[in-house]
Amino acid sequence: MSTVLSADALKRAVAEAALAHVRDGEVLGVGTGSTANFFIDGLKPIRHKVKAAVASSEATKLRLEAIGIEVVSLNDVDHIGVYVDGADEINAALEMIKGGGGALTREKIVAALADTFVCIADDSKWVSQLGTFPLPIEVIPMARSMIARELVKLGGSPVYRNGFVTDNGNVILDTYGLDIRNPVELETHLNNLVGVVCNGLFARRPADVLLLGGSAGVRTITR
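Residues numbered from 1 in each chain as written. Predicted model: local features only at pLDDT ≥ 70, side-chain atom pairs only at ≥ 80, totals over all residues. Heavy atoms only, no water.

Glancing now at the overall build of the protein chain. If you tally the helices and strands in the protein chain, you get 6 helices and 13 strands. Relative to its length of 223 residues, the protein chain is compact, with a C-alpha radius of gyration of 17 Å against a globular reference of 17 Å. For the protein chain, the C-alpha atoms occupy an extent of roughly 50 × 50 × 30 Å along the three principal directions. The buried share of the protein chain, reckoned over its 223 residues, is 52%. By element, 51% of the accessible surface of the protein chain is carried by carbon and sulfur atoms, the whole surface being about 10300 Å². (Helix = DSSP H or I, 4+ residues; strand = E, 2+ residues; numbered from the N terminus. Rg over C-alpha atoms; globule rule 2.2 N^0.38 Å. Buried < 20%, exposed > 50% of the residue type's maximum accessible area, 1.4 Å probe, protein only. Areas by Shrake-Rupley, 256 points an atom, 1.4 Å probe, with all protein chains shown as cover.)

Following this line, the structure appears as structure tokens:
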């Protein structure tokens, strides 16, 4: 008989499983969010293995520094062995929606440099098609209304994330109702809209490994 685990227990389980992917003496990329926080907490006993870390947000930077891991700028490294981060949704192709925490642009930049992207998530994030979770889109503030109108033309319902400013000084439109049957195509199209900094589709650079937590334990899925 399987045991029903709490959301935090599932997050902790996948975060602990991700520790096995930390490479000795390499720069580690670390994401943002509640699941990533469990991973950071788990790094404390093995922090001596981490040469340095690149953080995808200021919040992650502070949390890493608090456990004694040096955080360096991405501009100062030319190689990241492994990037560990969560997802808001993920499909069988390991394409994701990310950005619920607002760090999508920096997360996508760090992921682009990493040899291996390890996604850690509980099974509530596993979907057959992306799009139930609203797609976060980071935009230049002056372009917010213009981009919102373009998103409506695409069938979306954009909602301004009121009172939130990204670490880059921009704003986010959380967009409901988009047709994401072709995530790569939509990711490219959205990023080509003038005024969009980045969108939360991680399809052109999906995860390489998914550690998916459920009542039966942690499954490893690779592409």
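Structure shown, so let's carry the discussion forward.
Among the residues of helix α2 (residues 34-43), those classed as buried are T35, A36, F38, F39, I40 and L43. Packed against the buried residues of α2 are α1 (7-18), β1 (26-30), β2 (50-55), α3 (58-66), β3 (80-85) and β6 (114-122). (Contact = heavy atoms within 4.5 Å.)

Together, I140, M142 and V197 give the surface a local cluster of nonpolar side chains, amounting to about 310 Å² of exposed area. Residue placement: I140 occurs in the loop between β7 (135-139) and α5 (144-153). (Patch = residues over 30% accessible without salt bridge, like charges linked within 9 Å, V, L, I, M, F, W, Y side chains within 5 Å. Salt bridge = Lys/Arg side-chain N within 4 Å of Asp/Glu carboxyl O.)

Looking now at the pattern of salt bridges. A full pass over the atoms with the stated rule returns 14 salt bridges. The salt bridge partner of D41 is R63, with a shortest N-O separation of 3.3 Å. One end of the pair, D41, is in helix α2; the other, R63, is in helix α3, and 22 residues separate them in sequence. Since its relative accessible area comes to 39%, D41 is described here as partly exposed. The network of salt bridges with shared partners includes R23, E26 and D115.

The next point concerns the packing of aromatic side chains. Aromatic ring pairs are described here by two measures, namely the spacing of the ring centres and the angle between the planes. Overall, the coordinates contain 1 aromatic pair when judged by the stated rule. Ring centres of Y83 and F117 lie 5.0 Å apart, and the angle between their planes is 45°; on these two criteria the pair is classed as tilted. In this pair, Y83 is assigned in strand β3 and F117 in strand β6, connecting sequence segments 34 residues apart. For the pair Y83 and F117, a shared accessibility class is recorded, and that class is buried. (Phe/Tyr/Trp six-rings, centres within 6.5 Å; stacked < 30°, edge-to-face > 60°.)

If you look at the biggest cluster of nonpolar residues, it comprises 24 residues, and the most contacted ones within it are L28, F39, L43, L64 and I120. No other element matches α2, which puts 4 residues into this core. Leaving out residues up to four positions away in the same chain, I120 has contacts with V14, A15, A18, T35, A36, F39, V84, D85, G86, A87 and L211. V27, A52, V77 and I221 belong to the second largest nonpolar core, which has 22 residues in total. (Core = buried A, V, L, I, M, F, W, Y, C linked by side-chain atoms within 4.5 Å.)

Turning next to the sheet that holds strand β12 (residues 209-214). Within the open sheet, the 6 strands sit side by side as β2-β1-β3-β6-β12-β13. Their pairing is mixed. Every other strand in the sheet has two partners, leaving β2 and β13 (217-222) as the edge strands with one partner each. Recorded for the sheet is a direction-independent mean angle of 20° between the axes of neighbouring strands. In terms of strand pairing, β1 meets β2 through 5 bridges, oriented parallel. Its bridge partner being in β2, E26 is matched across the sheet by V50. Its contacts with the sheet put α2 on β1, β2, β3 and β6, and the angle it makes with β1 is roughly 150°. (Pairing = 2+ DSSP bridges. Axes fitted to C-alpha atoms, helices over the stretch in contact; angles between N-to-C directions.)

Bringing the state of the cysteines into the picture now. Taken as a whole and assessed by the stated rule, the structure comprises 0 disulfides. No disulfide involves C119; its sulfur sits 16 Å from the nearest other cysteine sulfur, which is in C198. (Disulfide = S-S within 2.5 Å.)

The next subject is the packing of α2 against α3. At their nearest, the axes of α2 and α3 sit 9 Å apart, and the two run at 20° to each other. One element, α2, and the other, α3, form an angle in the roughly parallel class. The way α2 lies across α3 gives a crossing that is right-handed. Residue-level inspection shows N37, I40, D41 and L43 of α2 in contact with α3, the latter providing T60, R63 and L64. The class makeup of the residues in the contact of α2 with α3 is 3 nonpolar, 2 polar and 2 charged. (Parallel < 35°, antiparallel > 145°, perpendicular 65-115°, else oblique. Left-handed = near helix turned anticlockwise from the far one by under 90°. Nonpolar A, V, L, I, M, F, W, Y, C, P; charged D, E, K, R; others polar.)

Take it as geometry only, folks, not as evidence of what the structure does.
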